[in-house]
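Examination of the molecular architecture
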Amino acid sequence: MKKAIFFSIIGIFSLTNIAFAHHLWVEKEGDKFRIAWGHPPKIDPYDPERIKGITAFDKKGETVAFERIDEKDQVYLSTKADISMIILSFEGGYLVSTPDGKKRLTKREAQKAGFQVIDSFYSLQLAKSLFSYTDVLTKPVGMKFEIVPMKNPLLLKTNELLPVKVLFDGKPMEGVAIDIGAHKGVGKTSKEGIANIKITGQGMQVILAKYRIATKYNSDADYLSYTTVLTFEVK
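Here is what the cut-offs are and how they apply
Residues numbered from 1 in each chain as written. Predicted model: local features only at pLDDT ≥ 70, side-chain atom pairs only at ≥ 80, totals over all residues. Heavy atoms only, no water. Helix = DSSP H or I, 4+ residues; strand = E, 2+ residues; numbered from the N terminus. Rg over C-alpha atoms; globule rule 2.2 N^0.38 Å. Buried < 20%, exposed > 50% of the residue type's maximum accessible area, 1.4 Å probe, protein only. Contact = heavy atoms within 4.5 Å. Areas by Shrake-Rupley, 256 points an atom, 1.4 Å probe, with all protein chains shown as cover. 1 Å grid on protein atoms, 1.4 Å probe; cavity = no way out; pocket = protein on both sides within 12 Å on 5 of 7 lines; lining within 4 Å. Points joined across faces, edges and corners; volume = space filled by probe spheres on them. Nonpolar A, V, L, I, M, F, W, Y, C, P; charged D, E, K, R; others polar. Salt bridge = Lys/Arg side-chain N within 4 Å of Asp/Glu carboxyl O. Core = buried A, V, L, I, M, F, W, Y, C linked by side-chain atoms within 4.5 Å. Phe/Tyr/Trp six-rings, centres within 6.5 Å; stacked < 30°, edge-to-face > 60°. pLDDT = per-residue confidence, 0-100. Polar contact = N/O pair within 3.5 Å; in protein donor to acceptor, adjacent residues only side chain to side chain.

1. Examining the overall build of the protein
In terms of helices and strands, the protein carries one helix and 19 strands. Taking 2.2 N^0.38 as the reference for a compact globule, 235 residues should give roughly 18 Å; the C-alpha atoms of the protein span a radius of gyration of 18 Å, in line with that estimate. In terms of its C-alpha atoms, the protein occupies a principal-axis envelope of roughly 50 × 40 × 30 Å. By the burial criterion, 48% of the 235 residues in the protein qualify as buried. In the protein, of all internal contacts separated by at least 6 residues, the share reaching a separation of at least 24 is 60%. When the accessible area of the protein is evaluated, it comes to approximately 11800 Å², of which 51% is carbon and sulfur surface.

Laid out in structure tokens, this is it:
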């Protein structure tokens, strides 16, 4: 995101509930971990170079080494450690919304091509996937935009509530819209950045939050668009 780091950012955040697009998650496949992109269970191809900043934690809550395996349109991780959590980021790049749908262009490129630009943004995603419990799971780990479960989510059962806290730059975020599963809205965070999520079934749970920061004096994008995703299994 070389251009984006030079954006002059207005300190005003948009709290509107923007429709969620594809998102990240990590799933275990045999002795490897697959970084997936799409709408679970459907996995779509992506450019491996967009996957950034991967960190894996073991059951002691310590970071561990792994081998990254980049294939044509997927990324796998291999490690002998007993993994409890994996976090990572994904640079989605520039996008514009037009009456004809989203286009992978900067605002200037879209206007030059004759598109009517509804809005434009640079997309970044962060993901946190949980596999086994350690105290680290219920504490912030320093992600730019982060969903923190406030109790062990791996012991939950159907119809139980999971309180989560949403942080941006380590600070609680009020009024952030939360989606679960297939992009079903379940409310917004409190003044303390907390939302209670009802577990509605077994299998993989997906909790998403999205946030936009307006940019100033930038002709390539109107916003920086952040998405953060928390996934884990309920048995």
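2. Some thoughts on the layout of surface pockets
The calculated volume of the second largest pocket comes to roughly 170 Å³. Along its surface, the second largest pocket is lined by 13 residues, and Ile180, Gly181, Thr200, Gln205 and Val206 are the ones closest to its centre. Taken together, the elements giving at least two residues each to the lining of the second largest pocket come down to strand S17 (194-198) and strand S18 (203-216). With four residues, S18 is the single largest residue contributor to the lining of the second largest pocket. Among the residues making up the lining of the second largest pocket, the classes are represented as eight nonpolar, three polar and two charged.

3. Quick word on the pattern of salt bridges
Once the charged atoms of two side chains with opposite charge are near each other, the side chains can pair. Per the counting criterion, the structure on display carries 10 salt bridges. Residue Asp31 is joined to Lys32 by a salt bridge in which the shortest nitrogen-to-oxygen separation is 3.8 Å. Owing to a relative accessible area of 28%, Lys32 belongs among the partly exposed residues under this scheme. Its salt-bridge partner being Arg108, residue Asp220 comes within 3.0 Å of it at the nearest N-O pair. Of this pair, Asp220 sits in the loop between S18 and strand S19 (223-234) while Arg108 sits in helix H1 (residues 107-112); the two residues are 112 residues apart in sequence, bridging distant segments of the chain. The exposure class of Arg108 is partly exposed, given its relative accessible area of 45%.

4. So, the nonpolar core
Generally speaking, a soluble globular protein has its nonpolar side chains buried in company with each other. Core analysis: the largest hydrophobic core is formed by 35 residues, its most contacted members being Phe145, Ile207, Tyr226 and Phe232. Mapped by element, the contributors of at least two residues to this core are strand S9 (83-98), strand S11 (119-130), strand S12 (145-149), strand S13 (161-168), strand S15 (177-180), S17, S18 and S19. If near-sequence neighbours (up to four positions away) are discounted, Phe145 is found in contact with Leu126, Val166, Leu167, Phe168, Val176, Ala209, Lys210, Tyr211, Tyr226, Thr227 and Thr228. Core analysis: the second largest hydrophobic core is formed by 17 residues, Trp37, Ala56, Val75 and Phe90 among them.

5. Points about the packing of aromatic side chains
A complete count under the given rule lists eight aromatic pairs for this structure. Geometrically, the ring pair formed by Tyr94 and Tyr122 is edge-to-face, given 4.7 Å between the ring centres and 85° between the ring planes. Pair noted here: Tyr94 is in strand S9 and Tyr122 is in strand S11, with a separation of 28 residues, a long-range link. Each member of the pair, Tyr94 as well as Tyr122, is classed as buried. Plain terms: the ring middles of Phe168 and Tyr211 are 6.1 Å apart, the flat faces sit at 35° to each other, and that makes the pair tilted.

6. So, the confidence of the model for the protein
On average, residues of the protein score 88 in pLDDT, and 90% of them reach the 70 mark or higher. Ignoring residues within four places in sequence, the model shows residues 1-20, a span with pLDDT below 50, making 49 contacts including any to other chains.

7. Things to note about the environment of Asp82
Summarising the element assignment, Asp82 is placed in the loop between strand S8 (75-78) and S9. Given the relative accessible area of 45%, Asp82 is considered partly exposed. Residues Asp82 and Lys188, 106 residues apart in the sequence, show an inter-C-alpha distance of 34 Å. For Asp82, the contacting residues outside a window of four places in its chain are Phe57, Asp58 and Lys59. Within the local environment of Asp82, its side chain forms a polar contact with the side chain of Lys59, the two groups lying 3.3 Å apart.

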